[in-house]
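These are the residues of each chain, in order.
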Amino acid sequence: MRKLARMAMVTVVGIALTGAAVYSALPERISPVQATRNGDAETAVKIVGDGGGRVTRTFKLPPAPGATPRLGLALRPATYLKRPTGTITVVVGERDRCTFRPSQYTDGGTITCPVTQTGADTLRISIRGAAGPLALIERQSVSGERLAGLWVQVPSRSVGGRIRFVLTALSTTRPWPFSWPLALFCFVFAVCASLWLGLVALSRSEDLDGAPTGGVEADGEIPALKL
Amino acid sequence: MVMIVLFVATMARGLAFASALPAWQGPDEPVHYAYVERLSTGELPPLDNTPYTVFSPALTASVQRTLTAFREHRPDRPLTPHAERLLLTREPGGLSTAGSGALGAQSYPPLYYMTLLPAYWLGGDTATNRLYAMRVMNALYGAFFALAIVLLLYEVTRNRRLSVAAGLLASLPPIVTQASATCSPDIALTLFATLSCWAVVRLRPDAGRADLAVAVAALLAMALTKPVGVFLAIIILVTTGWPWLRPTLRRFRPIYRIALGALSLLVLWFAGTRAVNIAAAASHGTLPTIRFGMSYLWQYYLPRLGFMHPAFGRSVLTEPLPLWGTWVRTGTGSFGWLSAWLPKWAYFVAIAGTLCCVLPGIAASIGHPSSEVARTARRAIFGFIAFVFVLHLTEIVSLTNGTGLVLQGRYVMPAIPLLGLAFVAPLVHFSERTRSAVLAASLASWGLVSIVGFSTLISFFAT
């Protein structure tokens, strides 16, 4: 009965410690990440001149990737090492609109606008109140086409969403037996077994197969270690 | 039962890390894989490297698919798992395994790589699958290493509790688990070093042929696993094997010591000239090389003095001192090519966990200076210092030749059995209550660091 209680305690603590390890590994937030393939080449397209001002430009959007939940469109404004001053309004398709004040973006940083209308094929960008130059950093698609905005997936910010993100990432690019269930099961087992071993090795009440307790000074015949 | 649980627990921890660590993230993993691949195609060492190393199409495709395209930390990375699944192309099976050379590993002895061949053959038809099969073999090496530590400590102390606790303790450091989770010969060398210590410690002046054969086999296995294994084999033989090597007549012992020391130096010199390019270093002149070496050793462990030239370029490994960057940070856990560092507090916990054993171990040795355990401990300390000095010599030669820093904490792993003999074995002299308290503190500290290591691994490579 005592052994059963110890096993139960070790199992509960082992699972709790592994849970704590996974929880502490969860990202506080997950940045929106790219959902379509593209090339590496980048080009800065200046849409507001050095003197600043206001401007509206419309770009054509590539088709949104299918079967991707929580789609968004990511853009990278650049202000040529100057402090952002203009307010950027992004309109995707007919319905989805986002406004970014100067305090909400940085030079070369990414801004993301959630998109609910997956069939959207146009992107309208309006800038007003800019006191200096402003450009959009465009990426090149695989086919060589220049893209002002990239389709991204906006990950869920809930604990469940973040756990799912981490667990799925633990399975991607690995052969199927080495996915997250194996990693977590093995680690839980290792922690539980180590706890049990630690208790057994350090507890004076444990017999350890009739081990002599006196060590090298013990008198009499010393049994060989059983493997 | 206890030994089975220790074996399975260590194996499970290795598999958990192997699963969490993406493919090819182990130190030089593609290079070690390439060595096995060359052996599998019938090529025997020394491997052909003309005109230069060429990775096979199978290996290149796997690296491109699992590492280059998806794991580089670029502004648009990491991708969400969903996006990865959308973009990840299927790795074609049955690609050609023809290539040549294995970069830095091609001068390595073949033993470890030959033991991986069954896993390579059974692993499947893609390089990624074969790599993970080889990682399972390394997890096996790690599990046997934990058992070997138990055997070694039991041989010296005849105390089961202490031996099992030592085996568990040796299996906990994240760097040991990482070595058990990646395709790299470090954990095999550590296992063979432990078996060598065990086999040599068992030798008596009247040793039978079977004991001698086991010791020779273990020492040979170490020498045939990694070039540095030759040095360590000599060090283990001379230090832990001293009671067996020394003559029975006391008056011959001083002459014998000198002769043995000279012979060891000769063999070390021969092995050293084979392992590192000493001739190139010697071209700088003996005195300047010695001066640089002394300055290097000072700067490794102590702040640089005003009159000294900097011995190292600034890097994450040399700031604030290489002692911290190399031995502590990469010695505790670094997790692969991209080096996911543990949180800073974890290093202090690891240091505290180590000191929990080291300080009482020293006290126990001093308290019982004439016991055989304390004598073995002193020899092991001497062996450990000699091994670290040999590692430093290789780096001094490397730096003199214009190569960068070569030392990493994982290189000290094969000396873990010496550390066990030096600091854990003497704990047998304490009362059971004191010993349990000391070991509990050490196990708890390293257990925590192990859990933090797993968390760091997940956090870094999954997000």
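See the structure shown above.
What counts as what
Residues numbered from 1 in each chain as written. Chains lettered and ligands numbered in written order. Predicted model: local features only at pLDDT ≥ 70, side-chain atom pairs only at ≥ 80, totals over all residues. Heavy atoms only, no water. Helix = DSSP H or I, 4+ residues; strand = E, 2+ residues; numbered from the N terminus. Buried < 20%, exposed > 50% of the residue type's maximum accessible area, 1.4 Å probe, protein only. Contact = heavy atoms within 4.5 Å. Areas by Shrake-Rupley, 256 points an atom, 1.4 Å probe, with all protein chains shown as cover. Core = buried A, V, L, I, M, F, W, Y, C linked by side-chain atoms within 4.5 Å. Salt bridge = Lys/Arg side-chain N within 4 Å of Asp/Glu carboxyl O. Disulfide = S-S within 2.5 Å. Patch = residues over 30% accessible without salt bridge, like charges linked within 9 Å, V, L, I, M, F, W, Y side chains within 5 Å. Axes fitted to C-alpha atoms, helices over the stretch in contact; angles between N-to-C directions. Parallel < 35°, antiparallel > 145°, perpendicular 65-115°, else oblique. Nonpolar A, V, L, I, M, F, W, Y, C, P; charged D, E, K, R; others polar. Phe/Tyr/Trp six-rings, centres within 6.5 Å; stacked < 30°, edge-to-face > 60°. Lys NZ or Arg CZ within 6 Å of the ring centre and 35° of its normal. Left-handed = near helix turned anticlockwise from the far one by under 90°. Pairing = 2+ DSSP bridges.

The next subject is the overall build of chain A. Helices and strands together make up the secondary structure of chain A, namely three helices and twelve strands. Burial status across chain A gives 47% buried among its 227 residues. Once local pairs closer than 6 in sequence are excluded, the contacts in chain A between residues at least 24 apart make up 76%. When the accessible area of chain A is evaluated, it comes to approximately 11,900 Å², of which 57% is carbon and sulfur surface.

Below, the discussion takes up the nonpolar core. Trp24, Met222 and Phe454 of chain B are the most contacted members of the largest nonpolar core, which totals 163 residues. Element by element, the count of residues in this core is highest for helix α6 (residues 127-157) of chain B, at 18 residues. Met222 of chain B has contacts with Leu189, Phe192, Ala193, Ser196, Gly229, Leu232, Ala233 and Ile236 of chain B, leaving out every residue within four places of it along the chain. Formed by 27 residues, the second largest nonpolar core is a distinct cluster that contains Val48, Leu73, Val115 and Ile125 of chain A.

What follows deals with the pattern of salt bridges. When the charged atoms of two side chains with opposite charge come close together, those side chains can pair. Residues and elements named next belong to chain B. Following the criterion strictly, the structure yields twelve salt bridges over all chains and no others. The partner of Asp186 in a salt bridge is Lys226, with the nearest N and O atoms 2.7 Å apart. Placement of Asp186 in helix α9 (residues 186-202) and of Lys226 in the loop between α10 (209-223) and α11 (227-239) is noted, with a sequence separation of 40 residues between them. Lys226 carries the same exposure label as Asp186, and that label is buried. A salt bridge links Asp211 to Arg202; its shortest N-O distance comes to 3.6 Å. Accessibility expressed as a relative area gives 26% for Asp211, which makes it partly exposed.

On to the state of the cysteines. Residues and elements named next belong to chain A. Using the criterion set out here, one finds one disulfide over all chains in the structure. With its sulfur 2.0 Å from that of its partner, Cys98 forms a disulfide with Cys113. Measuring the twist about the S-S bond at about 85°, one finds the Cys98-Cys113 disulfide to be right-handed. Separated by 15 residues along the polypeptide, Cys98 in strand β7 (residues 96-100) and Cys113 in strand β8 (residues 111-114) bring together distant segments of the chain.

A separate point is a nonpolar patch on the surface. Residues and elements named next belong to chain A. A grouping of Met9, Val13, Leu17 and Leu199 is seen on the molecular surface, where their side chains present a nonpolar patch of about 290 Å² in accessible area. At three residues, the largest contribution of residues to the nonpolar patch is made by helix α1 (residues 2-25). Judged by relative accessible area, which is 33%, Leu199 ranks as partly exposed.

Our focus in this paragraph is the packing of α10 of chain B against α11 of chain B. Residue and element names in this part refer to chain B. Close contact between α10 and α11 brings their axes to 7 Å; oriented N to C, the two are set at 150°. Classified by the interaxial angle, the pair formed by α10 and α11 is roughly antiparallel. Contacts between α10 and α11 involve Leu219, Met222 and Ala223 from the former and Gly229, Val230, Leu232, Ala233, Ile236 and Leu237 from the latter. Classifying every residue of the contact of α10 with α11 gives eight nonpolar, one polar and no charged.

Before going further, it helps to spend a moment on the packing of aromatic side chains. For the coordinates displayed, the defined rule picks out 17 aromatic pairs over all chains. Ring centres 4.8 Å apart and planes at 45° place the aromatic pair Phe178 of chain A and Tyr132 of chain B in the tilted group. Remark: Tyr132 of chain B occurs in helix α6 and Phe178 of chain A occurs in the loop between α2 (159-169) and α3 (180-202); the pair is interchain, linking two chains. According to the relative accessible area criterion, Phe178 of chain A is buried, its value standing at 9%. Here the aromatic residues Tyr35, Tyr112, Tyr113, Tyr141 and Phe192 of chain B are joined through ring pairs into a cluster of three or more. Between Lys46 of chain A and the ring centre of Tyr80 of chain A, over which it is positioned, the NZ or CZ distance is 4.9 Å.

Looking now at the environment of Lys60 of chain A. Here Lys60 of chain A shows up in strand β3 (residues 53-60). A relative accessible area of 69% places Lys60 of chain A in the exposed class.

A few words now on the packing of helix α17 (residues 344-367) of chain B against helix α20 (residues 432-462) of chain B. Residue and element names in this part refer to chain B. Direction vectors running N to C along α17 and α20 enclose 155°, while the axes themselves pass 8 Å from each other. Taken together, the axes of α17 and α20 are roughly antiparallel relative to one another. Once α17 is placed against α20, the crossing between them reads as left-handed. Contacts between α17 and α20 involve Trp345, Ala346, Val349, Ala350, Gly353, Thr354, Cys356, Cys357 and Pro360 from the former and Val438, Leu439, Ala441, Ser442, Ser445, Trp446, Leu448, Val449 and Val452 from the latter. Considered class by class, the residues forming the contact of α17 with α20 number 14 nonpolar, four polar and no charged.

Another aspect to go through is the pairing of strand β6 (residues 87-92) of chain A. All names here are of chain A. A large share of β6 lies buried, amounting to six of its six residues. Residues Thr87, Thr89 and Val91 line one face of β6 and the alternating positions Ile88, Val90 and Val92 line the opposite face, and both faces are buried. Here β6 pairs with strand β9 (residues 122-130) via six bridges, running antiparallel. Within the sheet, the bridge partner assigned to Val92 lies in β9 and is Leu123.

Two strands in a sheet stick together by hydrogen bonds in their backbones, pointing the same way (parallel) or opposite ways (antiparallel). Residues and elements named next belong to chain A. Taken in spatial order, the four strands of this open sheet run β3-β9-β6-β7, and their pairing is antiparallel. Each edge of the sheet is formed by a strand with only one pairing partner; in this case those strands are β3 and β7. Strand-to-strand twist across the sheet, computed as the mean angle between neighbouring axes with direction ignored, equals 10°.

Our next topic: unusual backbone geometry. Look at the link from Glu319 of chain B to Pro320 of chain B: it is a cis peptide, with omega at -10°. With respect to the helices and strands, the residue Pro320 of chain B is situated in the loop between α15 (286-301) and α16 (322-332). With a phi angle near 55°, Tyr80 of chain A is a residue other than glycine that sits in the positive phi range. In this fold, Tyr80 of chain A is placed in the loop between β5 (77-78) and β6. You will see that Arg158 of chain B, though not glycine, has its phi angle at about 55°, which is positive. Assignment of secondary structure puts Arg158 of chain B in the loop between α6 and α7 (160-171).

Nothing here speaks to function; it is all geometry.
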